[in-house]
Amino acid sequence: MAKFYQTDVRILEHKTVLPGYKSLFFSHPTLAKNARPGQFLLLDCGTFFRRPFTISSVKGIIIEILYKVIGKGTRYLSEKKKGDWLNVFGPLGNGFNPSPQGERTSPENLVFVAGGTGIASLRFLAQKISVPGILFYGAKTKNDIIGLDVFKQKKWHIKISTEDCSSGSKGLVTDTFKKYLSGSRHLPSYLYSAGPKPMLKRISEICISNGIAGQVSLEEIIACGVGACRGCAVKTAVKTNKFIYKTVCKDGPVFDIREILWD
Amino acid sequence: MGLTTNFIGLKLKNSVFVASGIAGFGEEYSDLFDINKLGGFITKTVTLLPRKGNSLPRIVETTSGMINSIGLENPGVDAFIEDKLPFLRKNLKIPVIVSIGGETAEELVSVVRKLNGVEVISAIELNLSCPNIKSARKYFISQDKELAYKTIRAIRKVTKFPLIAKLSPAVTDITEIAQVSKNAGADAVALINSFPAMFFSKDRAPVFGGLSGPVIKPMALKMIYEVSRKVKIPIMGVGGITSVKDAMDFFAAGSSVIAVGSCMFKNPKLPIEIIKGLSKNGKQD
Ligand SMILES: Cc1cc2nc3c(=O)[nH]c(=O)nc-3n(C[C@H](O)[C@H](O)[C@H](O)COP(=O)(O)OP(=O)(O)OC[C@H]3O[C@@H](n4cnc5c(N)ncnc54)[C@H](O)[C@@H]3O)c2cc1C
Ligand SMILES: Cc1cc2nc3c(=O)[nH]c(=O)nc-3n(C[C@H](O)[C@H](O)[C@H](O)COP(=O)(O)O)c2cc1C
Ligand code: FES
């Protein structure tokens, strides 16, 4: 059983990676030791609900959060300075599971598809996986591309799509991914994906129809973060033609692509 | 103040509970703190049959609080006894209060019959803010004096468990409903459940739910104060408690015990902090 903590930590470093995007570092030995890729933390952002953020990297005892400033909570967070205290709660949720095939040596076997800040959780996963794969990354513009350092270090194939064509291919990452599949002789065998819901839905459909297995990380509004309040329900398939609600915060945020019943 | 008390015949080591629906069935937060430090534990409301709950969105932040529209998702009383009670039986040394809900008195009676004699349970909380389909005129059982009386009376007849009637604040005069609850045989009232409220989903569909959090605290205090002055019945105070000071306010208004609710989402260790704070205050007094 995973153990989680609620504790005050001091911010070691808080830097702007691109305008509107920040990286926050703090240290916590046990949290760092227990954290698995795909798990998240609930940070006290001054708001009534805490705000959920994926653990974006762990180096030794240092944990990194990589985030986009979008509203009240993230603005509050972004104003915190090095040395300030931050109340963290986590690590929460089930992270990514190792693919059943194990880590294949051939790089074409493994694909990551990231949309927007979804890159944060895949970045930690890439840190933990020894072999490189192919990363498809969709961002609004070239000014929204973050977190590629780990992928570059580990020699991943990186395929970027931007909606305004300012970098990589023009359009949605789902289209780039689909085009890649139809043009390649060797289909990947396993997918990990994180990003906005419509993207995850489309990616899951594409993978299922191509016989590719995989996991996606969902986002919902989170209140308790521990599966108690049932606020973050997601419809999942059961053997009969019925469904059951699971929780994004505790059963997820990572789910098998065949498990989710998309609206 | 706030230390060892006797509440509806239960010996408590402190007067701090966690409110129904906030901490699930006890296991969810057990990694974070020792639940046995609480005065007692109240389960999520269970119903006769399993309920899937509402579709999303189920929760939203508001100014100083939140609205929930969970729709009483729960596994049903049979699965509760089978799957959830073993954890409570094995781990809890404090009183366990099971919250039950239903659309009719008959349904609630059936739930109680299944819980009768289960040794780990110390008391029953009746969530009378459940939608009541039988009467189209009123929405919640506790919004209708006669219905509330009949319902509590029917349950009183079939069980020896102490009964806490949890009331909806959406009434003209809460003291009348509290009086009726007492007359029908309730041992205590829990004041208050969330306020009926609504919000719009992203595509502007109306979502109906209950407002909770610091925003309702002043209204909760007033209702507790009024009931404690007019009706001789122990009160469990609930509604936006977010600090030791809030807890003291609830005692001052007339609560015998308190339950921490949605403010736990911001500060999961809040109940423990309040217990510590109260015991410090108690020593100073
Ligand atoms: C498991 C999980 C991991 C996440 N990881 C990251 C990450 O690593 N980096 C990153 O930049 N973002 C991440 N997010 C998204 C991040 O939580 C939201 O951007 C943040 O909560 C917005 O808060 P705000 O107050 O600034 O915005 P607000 O103005 O409150 O809201 C803007 C939008 O943010 C989303 N949001 C608001 N509150 C919550 C909440 N309590 N839970 C979930 N979503 C909410 C809603 O979609 C809302 O429309 C993650 C979300 C989840 C659920
Ligand atoms: C997510 C959520 C779920 C709830 N579920 C229940 C429930 O199942 N039964 C019940 O009697 N009250 C339920 N409540 C109401 C609380 O127990 C409490 O009465 C109310 O939230 C007011 O207290 P607060 O302002 O401290 O949250 C729920 C509240 C929330 C926020
Ligand atoms: S946020 Fe409470 S169950 Fe997921």
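The structure this text deals with has already been given above.
Please read all numbers here as calculations on a predicted model, not as lab measurements.

A. Summary view of the sheet that holds strand E16 (residues 254–256) of chain A. All names here are of chain A. Taken together, seven strands build an open sheet; the order of strands is E11-E10-E9-E8-E12-E13-E16 and the sheet is mixed. Each edge of the open sheet is held by one strand with a lone partner, namely strand E11 (169–170) and E16. Bridge count between strand E10 (residues 157–162) and E11: two bridges; the pairing is parallel. Along E11, the bridge assignment pairs Thr-162 with Lys-170.

B. Molecular detail of the site of ligand 2. Of all residues adjacent to ligand 2, which total 23 residues, the nearest are B:Thr45, B:Lys166, B:Gly213, B:Gly240 and B:Ser262. Surrounding ligand 2 are residues belonging to chains A and B, so the site spans chains. In this structure, B:Lys44 approaches ligand 2 through a side-chain N or O atom, which is 3.0 Å from an oxygen atom. Contacts to ligand 2 include B:Asn127, whose side-chain N or O atom sits 3.1 Å from a nitrogen atom. When ligand 2 is considered free in solution it has 610 Å² of accessible area, and contact with the protein chains removes 98% of it. Within the shell around ligand 2, the residues separate by chemical class into nine nonpolar, 12 polar and two charged.

C. Layout of the pattern of salt bridges. Per the stated rule, a full pass over the model turns up 20 salt bridges over all chains. With its nearest N and O atoms 4.0 Å apart, the salt bridge here joins A:Lys15 to A:Glu13. We classify A:Lys15 as partly exposed; its relative accessible area is 37%. Its salt-bridge partner being A:Asp149, residue A:Arg123 comes within 2.9 Å of it at the nearest N-O pair. Of this pair, A:Arg123 sits in helix H3 (residues 119–128) while A:Asp149 sits in helix H4 (residues 149–153), and the two are 26 residues apart along the sequence. Among the charged side chains, a network of salt bridges with common partners joins B:Lys217, B:Lys245, B:Asp246 and B:Asp249.

D. View of the nonpolar core. B:Tyr29, B:Ile100, B:Leu115 and B:Met236 are the most contacted members of the largest nonpolar core, which totals 135 residues. Setting aside its immediate chain neighbours within four residues, B:Tyr29 contacts A:Phe89, A:Cys224, A:Val226, A:Ala228, B:Ile22, B:Ala23, B:Met264, B:Phe265 and B:Pro268. Grouped together as the second largest cluster of nonpolar side chains are 27 residues, A:Ile119, A:Leu122, A:Ala126 and A:Trp156 included.

E. Just the interface of chain A and chain B, in detail. Counting residues at the interface gives 29 residues for chain A and 30 residues for chain B. By the criterion of area lost to chain B, the three top residues of chain A are A:Gln6, A:Phe48 and A:Tyr245, representing 29% of everything that side buries. Here chain A is connected to chain B by three salt bridges. For the salt bridge of A:Asp44 with B:Lys266, the shortest nitrogen-to-oxygen distance reads 2.9 Å. The interface formed by chain A and chain B holds 13 residue pairs in polar contact (both at pLDDT 80 or more) in total. Listing elements by their share of the side of chain A that touches chain B, those giving two or more residues are strand E1 (5–18) and strand E15 (243–247) of chain A. With three residues, E15(A) is the single largest residue contributor to the side of chain A that touches chain B.

F. Spatial organisation of the site of ligand 1. The full set close to ligand 1 counts 21 residues, and A:Arg51, A:Pro52, A:Gly73, A:Thr74 and A:Glu220 are the nearest of them. Around ligand 1, the neighbouring residues derive from chains A and B rather than from a single chain. In this structure, A:Thr74 approaches ligand 1 through a side-chain N or O atom, which is 2.4 Å from an oxygen atom. With respect to ligand 1, the backbone of A:Ile222 contributes an N or O atom lying 3.0 Å from a nitrogen atom. Burial of ligand 1 by the protein amounts to 81% of the accessible area it has alone, namely 860 Å². Those elements giving two or more residues to the shell around ligand 1 turn out to be strand E4 (51–54), strand E6 (62–68) and helix H2 (72–78) of chain A. No other element matches the four residues that E4(A) contributes to the shell around ligand 1. In terms of residue class, the shell around ligand 1 is made up of nine nonpolar, five polar and seven charged.

G. Geometry of the pairing of strand E9 (residues 134–139) of chain A. Residues and elements named next belong to chain A. Most of E9 sits inside the fold, with six of its six residues counted as buried. As judged from the five bridges shared by strand E8 (residues 110–115) and E9, these two strands associate in the parallel manner. Bridge assignment links Val-111 to a residue of E9, and that residue is Ile-134. Crossover connection from E8 via H3 to parallel E9: handedness right-handed. Sheet topology places E9 next to E10; six bridges connect them, and they run parallel.

Reading guide: rules and limits
- Residues numbered from 1 in each chain as written.
- Chains lettered and ligands numbered in written order.
- Predicted model: local features only at pLDDT ≥ 70, side-chain atom pairs only at ≥ 80, totals over all residues.
- Heavy atoms only, no water.
- Pairing = 2+ DSSP bridges.
- Helix = DSSP H or I, 4+ residues; strand = E, 2+ residues; numbered from the N terminus.
- Near = heavy atom within 4 Å.
- Polar contact = N/O pair within 3.5 Å; in protein donor to acceptor, adjacent residues only side chain to side chain.
- Areas by Shrake-Rupley, 256 points an atom, 1.4 Å probe, with all protein chains shown as cover.
- Nonpolar A, V, L, I, M, F, W, Y, C, P; charged D, E, K, R; others polar.
- Salt bridge = Lys/Arg side-chain N within 4 Å of Asp/Glu carboxyl O.
- Buried < 20%, exposed > 50% of the residue type's maximum accessible area, 1.4 Å probe, protein only.
- Core = buried A, V, L, I, M, F, W, Y, C linked by side-chain atoms within 4.5 Å.
- Contact = heavy atoms within 4.5 Å.
- Buried area = accessible area lost by both parts, 1.4 Å probe.
- Right-handed = clockwise from strand over helix to strand, strands pointing away.

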